[in-house]
Amino acid sequence: MTTRKLKTGVVGLSMGLNHVKHYQQLPNAEVTAICDIDEVWLKHVQQTYNVAQAYTSLEEMLAKSDVEAVSVCLPVYLHLPATLACLAAGKHVLVEKPMAHTAAEAMQMTEAAKAAGRLLMVSYNQRFEPAMQYLKRYTEAGQLGEIYFARAVWRRPFGMLPEPLIERATGLYSRNWFNEKDKGGGVGRDLGAHMIDLALWIMSFPPIADVSGRSYGHFLPGWVAQFGPQYKADADDHTVGFVRFENGASLQIEMSFGQHTDHEVVLNEFYGTKGGALREAGQTLKLFGEAGGNHATTTPRLPPATGTTQANFVNSLLNGTPPLVTPEQGIALMRVIDGLYASSAALKAA
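These numbers were taken from a predicted model, which means no experiment stands behind them.

## A short note on the nonpolar core
Phase 1: Core analysis: the biggest nonpolar cluster contains 96 residues, and Tyr23, Ile34, Ile196, Leu251 and Phe270 have the highest contact counts within it.
Phase 2: Per-element accounting of this core gives the leading share, nine residues, to helix H7 (residues 191–202).
Phase 3: Every residue in contact with isoleucine 196, bar those within four places of it in the chain, is listed here: Leu251, Ile253, Leu333, Val336, Ile337 and Leu340.

## Focus on the side chain of histidine 79
Phase 1: Secondary-structure assignment places histidine 79 in helix H4 (residues 79–88).
Phase 2: With relative accessibility at 0%, the residue histidine 79 sits in the buried group.
Phase 3: Within polar-contact distance, the side chain of histidine 79 engages the backbone oxygen of proline 98 at 3.0 Å.

## Brief notes about the environment of threonine 110
Phase 1: Turning to its location among the elements, threonine 110 is positioned in helix H5 (residues 103–116).
Phase 2: The class for threonine 110 is buried, based on a relative accessible area of 4%.
Phase 3: Separated by 217 residues in the primary sequence, threonine 110 and proline 327 place their C-alpha atoms 6.0 Å from one another.
Phase 4: What threonine 110 contacts, discounting residues up to four positions off in sequence, is Met99, Leu120, Pro327, Glu328 and Ile331.

## Points about helix H1 (residues 16–24)
Phase 1: Among the residues making up H1, those that are buried are Gly16, Leu17, His19, Val20 and Tyr23. Relative to the axis of H1, the buried residues are bounded by an arc of 160° and lie together on one face.

## Quick word on the packing of aromatic side chains
Phase 1: Per the stated rule, a full pass over the model turns up five aromatic pairs.
Phase 2: Ring plane angle 20° and centroid distance 6.1 Å describe the contact between tyrosine 134 and tyrosine 138, whose orientation is recorded as stacked. With tyrosine 134 and tyrosine 138 both in helix H6 (residues 130–140) and four residues apart, the pair spans about one turn of that helix.
Phase 3: On the accessibility criterion, tyrosine 134 (24% relative accessible area) is partly exposed.
Phase 4: With relative accessibility at 19%, the residue tyrosine 138 sits in the buried group.
Phase 5: The ring centre of tyrosine 173 lies 3.8 Å from the NZ or CZ of arginine 168, which sits over that ring.

## A closer look at the sheet that holds strand E1 (residues 6–11)
Phase 1: On the basis of which strands lie adjacent, the open sheet formed by six strands has the order E3-E2-E1-E4-E5-E6 and parallel pairing. The sheet is open, and its two edges are formed by strand E3 (53–55) and strand E6 (120–123), each paired on a single side. Neighbour to neighbour, the strand axes of the sheet diverge by 25° on average, direction disregarded.
Phase 2: Note: strand E2 (residues 29–35) against E3, three bridges, orientation parallel. Within the sheet, the bridge partner assigned to cysteine 35 lies in E3 and is tyrosine 55.

## Side note on the pattern of salt bridges
Phase 1: In total, this model carries 18 salt bridges according to the counting rule given.
Phase 2: One salt bridge in this structure joins glutamate 68 and arginine 4, with 2.8 Å as the shortest N-O distance. Highlighted residues: glutamate 68 in the loop between helix H3 (58–64) and strand E4 (69–72) and arginine 4 in the segment before E1, separated in sequence by 64 residues.
Phase 3: Given the relative accessible area of 40%, arginine 4 is considered partly exposed.

## Quick word on the packing of H1 against helix H9 (residues 309–319)
Packed helix pairs are specified by the crossing angle of their axes together with the interaxial distance, meaning the distance between the axes.
Phase 1: H9 packs onto H1 with a crossing angle of 60° between their chain directions and a minimal axis gap of 9 Å. As summarised for this structure, H1 and H9 are arranged oblique, according to the angle between their axes. Of the two elements, H1 crosses H9, and the hand of that crossing is right-handed. Along the contact surface, H1 presents His19, His22 and Tyr23, while H9 presents Gln310, Phe313 and Val314.

## Description of the environment of threonine 261
Phase 1: Mapped onto the fold, threonine 261 is located in the loop between strand E12 (250–259) and strand E13 (265–272).
Phase 2: With 106 residues separating them in the primary sequence, threonine 261 and arginine 155 have C-alpha atoms 8.5 Å apart.
Phase 3: For threonine 261, the contacting residues outside a window of four places in its chain are Arg155, Arg156 and Pro157.

Rules and cut-offs
- Residues numbered from 1 in each chain as written.
- Predicted model: local features only at pLDDT ≥ 70, side-chain atom pairs only at ≥ 80, totals over all residues.
- Heavy atoms only, no water.
- Core = buried A, V, L, I, M, F, W, Y, C linked by side-chain atoms within 4.5 Å.
- Buried < 20%, exposed > 50% of the residue type's maximum accessible area, 1.4 Å probe, protein only.
- Helix = DSSP H or I, 4+ residues; strand = E, 2+ residues; numbered from the N terminus.
- Contact = heavy atoms within 4.5 Å.
- Polar contact = N/O pair within 3.5 Å; in protein donor to acceptor, adjacent residues only side chain to side chain.
- Arc of directions from axis to C-beta.
- Phe/Tyr/Trp six-rings, centres within 6.5 Å; stacked < 30°, edge-to-face > 60°.
- Lys NZ or Arg CZ within 6 Å of the ring centre and 35° of its normal.
- Pairing = 2+ DSSP bridges.
- Axes fitted to C-alpha atoms, helices over the stretch in contact; angles between N-to-C directions.
- Salt bridge = Lys/Arg side-chain N within 4 Å of Asp/Glu carboxyl O.
- Parallel < 35°, antiparallel > 145°, perpendicular 65-115°, else oblique.
- Left-handed = near helix turned anticlockwise from the far one by under 90°.

In structure tokens form, the structure reads like this:
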């Protein structure tokens, strides 16, 4: 096992700020370069986190810095060109979720990584939560039997719709791409990417038979209009769907940025032939099955949280351990999201 430090870079210092923090907490990694188009914010992050090199251009960072691997933390529509540029420059890539704007783009990124002989990993940080780590081991041991149905839900009440402007230490900045369809915004890609990934992962990514869905955008346009006419919102604020798999299993999906409801709900449910499981944010993991001929609910004792996507990425590169998230899994997820939107568009056109 090597003890050297991997030289990492981060492009996009909104979501990327967490990547900087996580890399700096690792004994086997160091952040040697950062990149962002906002020069004032870039200098602030550089000084606050003591990063040696800072660039306003990704091309310049790739040409001049000594980074070996890059976290791509840009808006979704920029994941493809930024990832391809990093791979062409011989860098390994950890790309933020969702992997790309479409499954076709995700495939292009995957093929480029293989051609370059470089690691490409997607940052699905919720896989590292203790409840999900425990549940993955539990299902792999066959404790649920055959999982035939699952639910993935993340719905929010009003007051949690994405704001186009966010305040940070150097002032306001626009993050309205979350609300713009052509930039990869929308709840299906944002919240859906996390929850659908968890469901597919626990189910071991069975081949997809078909996807149906319906997307709605009733509230985002009026919400965003309050902040000024320069901001548009044409992405979905509520998306529901259903996935059928070739093995006969199915997955129900519901994602919402804001709706007429009481409180936020974040959950994954799994129903198997031997037992069931419920993971809900803020609650203890619950496992359902039979004990002594009676139905029983257990709440397993979970270990403390360990590991991050950044640690897994770095360890995969330095020690040759398999990454927890593969690009092929990222493609499968994007096929579900593509299917939700395509189905909804077909219904609207009918």
